[in-house]
Amino acid sequence: MKIEEPTITPPTDNDTTPVLPPEPDPPPHAWMEDAVVFDNGLFHVEHGELTEDDGGRDSFSFPAVGGEQYIIEVESRMEIQEDGGTLYVDNHLIDPSILEIVNEQGEQVMGEQDGGGFIWNWARAYFEPGDDGTYYIAVGSGAQARGYLGHYTISVRQDDHADDERTQPGVVIHPGQSITACIDSDIGPDEANPHAWAWAETGADDAVPRFGIESADDKDVFRFEIADAGTYRIEMVDGPDGVGLWAVWYANGWGDYLSHEAPVESFTSDFEAGTHYFAVGTPYHSIGNTGLYTVSLTAVEDGNSSNGG
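Nothing here was measured: the structure is a model prediction, and the numbers come from that model.

What follows covers the pattern of salt bridges. Pairing between side chains of opposite charge can happen when the charged atoms of each approach one another. Counted by the stated rule, this structure contains four salt bridges. The shortest N-O distance in the salt bridge between R233 and E235 comes to 3.7 Å. Its relative accessible area of 26% is what places R233 among the partly exposed residues.

Below you can see the structure in the form of structure tokens.
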């Protein structure tokens, strides 16, 4: 029997059969799918709103470098009343929270960060990824007000503190050390530099800084690292009039505002071993409080915590 040779038809240049790329794997968690994507810049800010349609959880993603420190803040809007008290603005989220941070595989790398000090209108996370990659942030309502909806602002910035614009990145202080930095407080409410969420409206044509911190430019944040638990004193000296310590954030995520009226010169407290943070700031309408100051961190032998001013 004769076997015919097979006929081979060579490909032609006009073959238009599309070659489709493979479908990407879906993200491990449904809430990651619609994440708002931040780019590679050092600072990002977005306004968001929790609604019934999104199930009370929003998501954001950003590229991060392993070993770098990032500060993530979620904040709602508040009003200052005539008697000095504060109220939440209508339709703004009560007790916003950073519910979790996960990596590209959906593995949780940081749990809930919901420590907002003496008021519930913000949450902060100090995040240091172990590897380069894209990380996802879930935003929702915190433990004090689960299930609430409303507007909020989220910011993600690389930690280049102390002073956001003038000082070397990654400023950290250890016990027995002191650091000199510069603060620039010549900022008014009508200038472009302050961030919108650093101000609270008190009337149609008036705005004042909330709890004294006017903007990122005159709020310097330092990391301080403690190897041994104990009592430590933070002190600010040789600075412009009115410049002092505003707040302390502890390694467990909780924080304390040290004063509602004006910053204090020193603060002594018990600290666990780990990395903590403190903020140097200026009073309300702090025109003219610009210049160098020095902060120090020392161990206190007697172990008695106190707040000095």
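As a further point, take the pairing of strand β10 (residues 133-141). Of all nine residues that make up β10, eight are buried, and the element is covered over most of its length. With seven bridges connecting them, strand β3 (residues 58-64) and β10 associate as antiparallel partners. Directly across from S61, in β10, lies its bridge partner Y136. In this structure, strand β7 (residues 96-102) lies alongside β10, joined through six bridges in antiparallel fashion. Residue pairing for β10: I98 is matched across the bridge by V139.

Turning our eyes to something else, we now look at the side chain of D95. Along the chain, D95 turns up in the loop between β6 (86-88) and β7. One buried charge, D95, has no salt-bridge partner; the nearest side chain with opposite charge is R146, at 6.4 Å.

Let us now look at the pairing of β7. Counting buried residues along β7, seven of its seven residues qualify, which places the element largely inside the surrounding structure. Sheet topology places β7 next to strand β8 (residues 108-110); two bridges connect them, and they run antiparallel. Residue I101 lies in a different strand from β8, and its bridge partner there is M110. Between β7 and β8, which follow one another and run antiparallel, lie five residues, and G106 among them has a positive phi close to 80°.

We now examine unusual backbone geometry. Positive phi, normally seen in glycine, also occurs at D95, with a value near 55°. One non-glycine residue with positive phi stands out, namely D238, at about 55°. Looking at where D238 falls in the secondary structure, it is placed in the loop between β17 (230-237) and β18 (244-249).

What the five strands build is an open sheet, ordered β1-β3-β10-β7-β8; its pairing is mixed. Each having just a single partner strand, β1 (36-37) and β8 make up the two edges of the open sheet.

Moving on, we come to the packing of aromatic side chains. Under the criterion given, the structure shown has 11 aromatic pairs. A ring pair is formed by F60 and Y152, whose centres lie 6.4 Å apart and whose planes are at 85°; its orientation type is edge-to-face. One end of the pair, F60, is in strand β3; the other, Y152, is in strand β11 (residues 150-158), and 92 residues separate them in sequence. F60 gets classed as buried once you look at its relative accessible area, which sits at 3%. The buried category is assigned to Y152, whose relative accessible area is 2%. Both rings, one in F62 and one in F127, keep their centres 6.4 Å apart while their planes meet at 80°; by these two values the pair is edge-to-face. With F62 in strand β3 and F127 in strand β9 (residues 122-127), the pair connects residues that are 65 residues apart, well separated along the chain. For the pair F62 and F127, a shared accessibility class is recorded, and that class is buried. Taken together, F222, F224, Y250, F271, F278 and Y293 form an aromatic cluster joined through their ring pairs. Directly above the aromatic system of W31 lies the positively charged group of R57, at a separation of 5.3 Å from the ring centroid.

Taken in spatial order, the four strands of this open sheet run β13-β22-β17-β20, and their pairing is antiparallel. Taken across any chain shown, the strands that pair with only one partner, and hence form the sheet edges, are β13 (177-183) and β20 (266-271). Strand-to-strand, the axes of this sheet are offset by a mean angle of 20°, without reference to chain direction. Here β17 pairs with strand β22 (residues 291-299) via six bridges, running antiparallel. Paired with E235 across the strands is S296, a residue of β22.

Turning our eyes to something else, we now look at the nonpolar core. Ranked by internal contacts, the top residues of the largest apolar core, which has 24 residues, are F222, L245, F271, F278 and V280. Of all the secondary structure elements, the ones that give two or more residues to this core are β13, β16 (220-226), β17, β18, β20, β21 (274-281) and β22. Among residues more than four places away in sequence, those in contact with F271 are F224, I226, A229, G230, Y232, I234, V248, Y250 and H276. The next biggest cluster of nonpolar side chains, apart from the first, holds 20 residues, and it includes Y70, L93, I101 and V139.

What follows concerns the confidence of the model for the protein. In the predicted model, the protein carries a mean pLDDT of 75, and 64% of its residues have values of at least 70. Below a pLDDT of 50 lies the segment residues 162-169, which in the model reaches 22 contacts outside its immediate sequence neighbourhood of four places, other chains included. In the model, residues 193-197 has pLDDT below 50 throughout and makes 14 contacts with residues more than four positions away in sequence or in other chains.

Calculation notes
Residues numbered from 1 in each chain as written. Predicted model: local features only at pLDDT ≥ 70, side-chain atom pairs only at ≥ 80, totals over all residues. Heavy atoms only, no water. Salt bridge = Lys/Arg side-chain N within 4 Å of Asp/Glu carboxyl O. Buried < 20%, exposed > 50% of the residue type's maximum accessible area, 1.4 Å probe, protein only. Helix = DSSP H or I, 4+ residues; strand = E, 2+ residues; numbered from the N terminus. Pairing = 2+ DSSP bridges. Lys, Arg positive; Asp, Glu negative; His and termini not counted. Phe/Tyr/Trp six-rings, centres within 6.5 Å; stacked < 30°, edge-to-face > 60°. Lys NZ or Arg CZ within 6 Å of the ring centre and 35° of its normal. Axes fitted to C-alpha atoms, helices over the stretch in contact; angles between N-to-C directions. Core = buried A, V, L, I, M, F, W, Y, C linked by side-chain atoms within 4.5 Å. Contact = heavy atoms within 4.5 Å. pLDDT = per-residue confidence, 0-100.

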